[in-house]
Amino acid sequence: MPSLKVAAGLIFFSALMVCGTASAKTVLIEEESQSISGKLEYFEDEAGQFKAAELLNNPTAFKFRPVETEVPNFGFSSSVFWFRLKLRNTLEASKFVLDIGYPLLDKVTVYRKHPDRLEAYQSGDQVPFEKRYRPSRTINFGLDLPSGEEAELLFKLETEGSTQFPLMVYTEKDFGDYNMRSNLGFGLYYGVLIIMFIFNLLLFISLREFNHVVFAAFLFFYTMTQLSINGFAFQYLWPESTYWGNASALLFMCIAGGNCVWFTKRFLKTVVEWMPRLDGALHWTRLILFVSAPFALIAPYDVMVIFVIFGIFLMIGTCFISGLEGVKVGYGPATYFLAAWSCFLLGTFLFAFKTAGVFPSNVLTDNGMQIGSVVLITLITLALADHFREIKVEVERSHRETMSLKDRLTNELEAKLQIFSGIAHQLTNPLNYLNSGVERLGEEIGRIRESTDSIFEDTSKAAKPKVSQDNLEHSFQRCDETMRDLKRGTLRASTVVDEMRGMSGVDGKVSQTMPLELVVSEAFERLKDDLGIK
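This write-up is about the structure you can find in this document. This structure is a prediction, so every number in the text was calculated from the model and none was measured.

What counts, and at which threshold
Residues numbered from 1 in each chain as written. Predicted model: local features only at pLDDT ≥ 70, side-chain atom pairs only at ≥ 80, totals over all residues. Heavy atoms only, no water. Helix = DSSP H or I, 4+ residues; strand = E, 2+ residues; numbered from the N terminus. Buried < 20%, exposed > 50% of the residue type's maximum accessible area, 1.4 Å probe, protein only. Contact = heavy atoms within 4.5 Å. Areas by Shrake-Rupley, 256 points an atom, 1.4 Å probe, with all protein chains shown as cover. 1 Å grid on protein atoms, 1.4 Å probe; cavity = no way out; pocket = protein on both sides within 12 Å on 5 of 7 lines; lining within 4 Å. Points joined across faces, edges and corners; volume = space filled by probe spheres on them. Nonpolar A, V, L, I, M, F, W, Y, C, P; charged D, E, K, R; others polar. Phe/Tyr/Trp six-rings, centres within 6.5 Å; stacked < 30°, edge-to-face > 60°. Lys NZ or Arg CZ within 6 Å of the ring centre and 35° of its normal. Pairing = 2+ DSSP bridges. Expected span 1.5 Å × (residues − 1). Arc of directions from axis to C-beta. Salt bridge = Lys/Arg side-chain N within 4 Å of Asp/Glu carboxyl O.

This part is about the overall build of the chain. Helix and strand content of the chain: 14 helices and 13 strands. Per-residue burial over the chain gives 40% buried out of 534 residues. A separation threshold of at least 6 residues defines the contact pool for the chain, and within that pool the share at least 24 residues apart is 77%. Of the roughly 29,500 Å² that the chain leaves accessible, carbon and sulfur atoms contribute 63%.

Moving on: the layout of surface pockets. A volume near 670 Å³ is recorded for the largest pocket. Lining the largest pocket are 29 residues; nearest its centre among them are Gly-101, Arg-137, Tyr-178, Asp-366 and Asn-367. The set of elements that each furnish at least two residues to the lining of the largest pocket consists of strand E13 (167-171), helix H3 (172-207), helix H4 (211-229), helix H10 (333-355), helix H11 (363-366) and helix H12 (368-455). Class assignment for the residues of the lining of the largest pocket results in 13 nonpolar, eleven polar and five charged.

This part is about empty space enclosed by the protein. In this structure the tally under the stated criterion is four cavities of 30 Å³ or more. The computed volume of the largest cavity comes to approximately 310 Å³. Residue lining of the largest cavity: 25 residues in total, with Ile-229, Met-253, Ile-312, Phe-351 and Met-369 positioned closest to the centre. Contributing elements (two or more residues each) for the lining of the largest cavity: H4, helix H6 (242-267), helix H9 (301-328) and H10. The leading source of residues in the lining of the largest cavity is H6, at six residues. A breakdown of the residues in the lining of the largest cavity according to their chemical character gives 19 nonpolar, six polar and no charged. For the second largest cavity, the full set of lining residues is Pro-103, Leu-104, Asp-125, Arg-132, Arg-137, Ser-228, Gly-231, Phe-234 and Gly-245.

Below, the discussion takes up the packing of aromatic side chains. Scanning all chains against the criterion turns up 33 aromatic pairs. Among the aromatic residues, ring-to-ring pairing joins Tyr-42, Phe-74, Phe-81, Phe-83, Phe-155 and Phe-165 into one connected group. Above the ring of Phe-64, the side-chain terminus of Arg-84 is found at 4.1 Å from the ring centroid.

With that settled, the discussion passes to the pairing of E13. Most of E13 sits out of view: four of its five residues are buried. By the bridge criterion, five bridges tie strand E7 (residues 95-100) to E13 in an arrangement that is antiparallel. Bridge assignment links Phe-96 to a residue of E13, and that residue is Thr-171.

Let's shift gears to the side chain of Ser-292. Mapped onto the secondary structure, Ser-292 falls in helix H8 (residues 276-295). Beyond its immediate stretch of four places on either side in the chain, Ser-292 contacts Cys-254, Met-304 and Phe-307.

Looking now at H8. With 20 residues, H8 should reach 28 Å at 1.5 Å per residue; the first-to-last C-alpha distance of 29 Å fits that figure. Looking only at H8, the buried set comprises Leu-278, Leu-282, Thr-285, Arg-286, Leu-289, Ser-292 and Ala-293. The buried residues of H8 occupy an angular sector of 135 degrees when projected down its axis, which confines them to one face. Within H8, the exposed residues directed more than 90 degrees away from the buried face are Pro-276, Arg-277 and Trp-284.

What follows is about the pattern of salt bridges. Evaluated as defined, the whole model comprises eight salt bridges. With its nearest N and O atoms 3.1 Å apart, the salt bridge here joins Lys-173 to Asp-177. Pair noted here: Lys-173 and Asp-177 are both in helix H3, with a separation of four residues, about one helical turn. Exposure remark for Lys-173: the relative accessible area of 61% places this residue in the exposed category. Given the relative accessible area of 26%, Asp-177 is considered partly exposed. With a shortest N-O distance of 3.8 Å, Lys-328 and Glu-325 are connected by a salt bridge. Linking Lys-328 with Glu-325, this pair stays in helix H9, spanning three residues, or about one helical turn. Overall, Lys-328 belongs to the exposed group, its relative accessible area being 59%.

Note that every value here comes from positions in space, so none of it alone points to a role or purpose.
So this is what it looks like as structure tokens:
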């Protein structure tokens, strides 16, 4: 008999494990703000075929199980999840707010069972914002529960994204205080991002350094990503556009990631140019993220979110390795860069794995990207400052080398001009003798012509003297042509010598004003000489 009782007890216990509990567990509201997500029981409806009335009226037919973590997180799933609990109010307050701290859930419907009816309310980022109980970035519902009474609640969760359900219960007053503190913190955070965005644009205008434009683009789209993830974009920018509100987070995330990789490639240009494989990895990662951005608007959300997370992991790997290689080769700004992106990518890593259901939801994983981005902005600012210091040192070094080269070339030019001037000086005296000789030769030829003319003056009618006179006249003409050629040559040589002396600066600045027709005539004569035309 004892063995039969033990066997019956085991069978009964196994039946309880299979069927789950028959009714929801009662949770006491003992504080003005209280987390109740860890006390929920859930049921996974894989086909999404059940109705709320079925689960409430026949609870023993469904396998509700207690959640195993403080915040239920089932990663990416196409199933519909049902959560149930009973709340008993032990406070004097009677008005409460049920708040779900993950704004990216598509649809959440809360059912409250009354003796004679079933009350239902719906909210989420696929429901117009005006349907929310309180105008808050998070999904919330109102709950009227007088002191000492109970409310049996059933939540239906439908979403294509990450399935997580951080549920809090607040009194009306405490919810308002919580919202005010939360908005103040987020306001300071977004204020820093916006200030850094404007600051980098101003630096670009001042310095014309394109890295600031890329970093400003990253800050802008990262800010838009955070606004979408945290629910502020849906609250303030597009409260009626549920489709855009759902897809915009992935769109902004792709563009922000692409700009992140682009900034890495440009900032560490001196490093990645020597590593073709790393440069190629950065190029293709950036291309994948940018090309994926428009598909976030047309592709199924559950497919795109997996693809985007894969792209973000590629971004994490390539940026981290790039910074590590920069540190290895001794590039100064890479130290700040590696520290900055390590903190930011660690925060992104925690948030992505929390979204995928690998890590639990807590303060660190929920706010990992915000914490990492604040560290990122601070260290990247220091990295840019160090980068400018490196540029300044390089510019100063280049300036010193340029001035040294200028001095060396100046000295060489002066030495060559001295040689040039010496040659011109040495040519001057021979040309002077040549000019004097030409002048004397011309005078002698003139006197010979006069003497010859006087000899043949009385015999001009005789035949032989006439022939001799013609021959001499022909010879004199050739002598005249030779004289003209000699004068032209000596004049040209003298001009060249004057130009050489003027260019060398030995005689000071040599310049004179010449009529335009004389310049043209001189150029024409030089051209004729060069072509051999008489």
